[in-house]
Number of protein chains: 2
Amino acid sequence: MTRISGAESQVMEAVWGKGPLAADEIVAEVGAPQGWGEATVKTLINRLLKKKALISERSEGRTRYRALVSRADYVQGESQGLLDRLFGGELAPLVAHYAKHRNLSPGEVARLKRLIESLDNGD
Amino acid sequence: MTRISGAESQVMEAVWGKGPLAADEIVAEVGAPQGWGEATVKTLINRLLKKKALISERSEGRTRYRALVSRADYVQGESQGLLDRLFGGELAPLVAHYAKHRNLSPGEVARLKRLIESLDNGD
DNA sequence: GGCGAACAGTTACAGCCGTAAATTGGTCCG
DNA sequence: CGGACCAATTTACGGCTGTAACTGTTCGCC
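Not measured: the values here are computed from a predicted model. (Residues numbered from 1 in each chain as written. Chains lettered and ligands numbered in written order. Predicted model: local features only at pLDDT ≥ 70, side-chain atom pairs only at ≥ 80, totals over all residues. Heavy atoms only, no water.)

A closer look at the protein's contact with DNA strand C
Right, on to step 1. The full set close to DNA strand C counts 17 residues, and Ser5, Trp36, Thr40, Thr43 and Arg47 of chain B are the nearest of them.
Right, on to step 2. Of all DNA strand C atoms lying within 4 Å of any protein atom, the proportion belonging to sugar or phosphate reaches 61%.
Right, on to step 3. Here a phosphate oxygen of DNA strand C sits 3.1 Å away from a polar atom, N or O, in the side chain of Tyr65 of chain A.
Right, on to step 4. Contact between DNA strand C and Trp36 of chain B: a phosphate oxygen at 2.5 Å from a side-chain N or O atom of the residue.
Right, on to step 5. Counting residues per element, the ones that place at least two in the surface near DNA strand C are helix 3 (38-50) and strand 3 (62-67) of chain A together with helix 1 (6-18) and helix 3 (38-50) of chain B.
Right, on to step 6. Its residues placed into classes, the surface near DNA strand C shows 5 nonpolar, 7 polar and 5 charged. (Near = heavy atom within 4 Å. Polar contact = N/O pair within 3.5 Å; in protein donor to acceptor, adjacent residues only side chain to side chain. Helix = DSSP H or I, 4+ residues; strand = E, 2+ residues; numbered from the N terminus. Nonpolar A, V, L, I, M, F, W, Y, C, P; charged D, E, K, R; others polar.)

Here it is, written out as structure tokens:
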């Protein structure tokens, strides 16, 4: 339960995105883009196994790794921590900060607007 | 330029919040709440000096530490990283996620709505 | 059934981080 | 001038992280 680190999360993203993957598939998926060697990815996989974020299961002669923690939970923890540490746990200050320092594109503003509206009435 | 770590950021928050502080003031401000000894806080201060996030200046017989990096820059870097890693660099997915998993209070929704509107028309 | 290839898992190592003590160096008061 | 304080530097050490090589195991083919 030691927290998923940055590099490890790349591996998790691959598995979350594509379902259970074999080691060499994970290497192809994240090692290559990241410039990591095969050995490195293996280490990450094993650390994730050890911290029970992945489980290995053998099927049709290949070992595949399946996620044991959900992406939602992970994202939850990460963003919660950031929100709490930096913005008093509230969204509005984050959005304000982001708007001020990054120039939201009109498209993004529109998307946000629709989203907020849907939250406001209904659902 | 090595990035401000978690513990270090506590020290930075104190200085950002209260302006230049002396060592023992920082200890009182962050060491006590966090349960850190004086020595620990000293280490953090020194690491921050080394990475040029703080500078020490002597005035009226006391050495005070002043922030060299702005909170905005720090916050920027941190939240940018999170947004990029977890939400494709866009705000809307973060807001959506947060809404889904944390039940925005109506008050917060209203605040967001006003904020978005002000972004939309104007400035 | 043995051997090599493929694959799974283990060990390694340096750097950063949290936590802290010890040592050195500078200032100011008496 | 000599302590007393305070600041700064150095050293310590275990755990986590990024990065990687090495070893042990399994399975198919001869």
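Further notes follow.
Details of the protein's contact with DNA strand D
Right, on to step 1. Taken together, 19 residues surround DNA strand D, and among them Ser5, Thr43 and Arg47 of chain A together with Asn46 and Tyr65 of chain B come closest.
Right, on to step 2. Within 4 Å of the protein, atoms of DNA strand D come from sugar and phosphate in 60% of cases.
Right, on to step 3. Within the side chain of Arg62 of chain B, an N or O atom sits 2.9 Å from a phosphate oxygen of DNA strand D.
Right, on to step 4. If you list the elements that add at least two residues to the surface near DNA strand D, you get helix 1 (6-18) and helix 3 of chain A together with helix 3 and strand 3 (62-67) of chain B.
Right, on to step 5. The leading source of residues in the surface near DNA strand D is helix 3 of chain A, at 4 residues.
Right, on to step 6. Classifying every residue of the surface near DNA strand D by side-chain character gives 5 nonpolar, 9 polar and 5 charged.

Observations concerning the packing of aromatic side chains
All names here are of chain A.
Right, on to step 1. Inspection of every chain in the model, using the stated rule, returns 2 aromatic pairs over all chains.
Right, on to step 2. Centroid distance Trp16 to Tyr74: 5.4 Å. Interplanar angle 35 degrees. Geometry classified as tilted. Of the two residues, Trp16 is situated in helix 1 and Tyr74 in helix 4 (residues 71-87); the sequence distance between them amounts to 58 residues. (Phe/Tyr/Trp six-rings, centres within 6.5 Å; stacked < 30°, edge-to-face > 60°.)

Examining the relation of the copies chain A and chain B
Right, on to step 1. With an axial shift of 0.1 Å and an RMSD of 0.4 Å, the rotation relating chain A to chain B amounts to 180 degrees. This pairing of chains is accounted for by a two-fold axis. Measuring from the rotation axis to each C-alpha of chain A, the shortest distance belongs to Lys113 of chain A, at 3.9 Å.
Right, on to step 2. Taken together, the interface assignments show that 100% of the residues at the interface of chain A recur at the interface of chain B, consistent with an identical surface on both copies. (Least-squares fit on C-alpha atoms with pLDDT ≥ 70 in both. Contact = heavy atoms within 4.5 Å.)

Things to note about unusual backbone geometry
Right, on to step 1. Within the chain, Arg3 of chain A stands out as a residue other than glycine whose phi angle is a positive 80 degrees.
Right, on to step 2. Looking at the element boundaries, Arg3 of chain A is found in the segment before helix 1.
Right, on to step 3. Located in the positive-phi region is Lys52 of chain B, a residue other than glycine, with phi close to 55 degrees.
Right, on to step 4. Judged by its relative accessible area of 60%, Lys52 of chain B is exposed. (Buried < 20%, exposed > 50% of the residue type's maximum accessible area, 1.4 Å probe, protein only.)

Details of the interface of chain A and chain B
Right, on to step 1. Across the contact, 38 residues belong to chain A and 38 residues belong to chain B.
Right, on to step 2. Buried area between chain A and chain B, summed over both chains or domains, comes out near 3700 Å², and the portion from carbon and sulfur atoms is 67%.
Right, on to step 3. Looking at the side of chain A facing chain B, the largest losses of area belong to Leu86, Leu91 and Ile116 of chain A, adding up to 16% of the total buried there.
Right, on to step 4. There are 4 salt bridges connecting chain A and chain B.
Right, on to step 5. Arg85 of chain A serves as the salt-bridge partner of Glu78 of chain B, at 3.7 Å between the closest nitrogen and oxygen.
Right, on to step 6. The interface formed by chain A and chain B holds 12 residue pairs in polar contact (both at pLDDT 80 or more) in total.
Right, on to step 7. The set of elements that each furnish at least two residues to the side of chain A that touches chain B consists of helix 1, helix 4, helix 5 (91-102) and helix 6 (106-120) of chain A.
Right, on to step 8. Looking at the side of chain A that touches chain B, the element that brings in the most residues is helix 4 of chain A, giving 13 residues. (Buried area = accessible area lost by both parts, 1.4 Å probe. Salt bridge = Lys/Arg side-chain N within 4 Å of Asp/Glu carboxyl O.)

No statement about biological role is implied by the geometric values presented.
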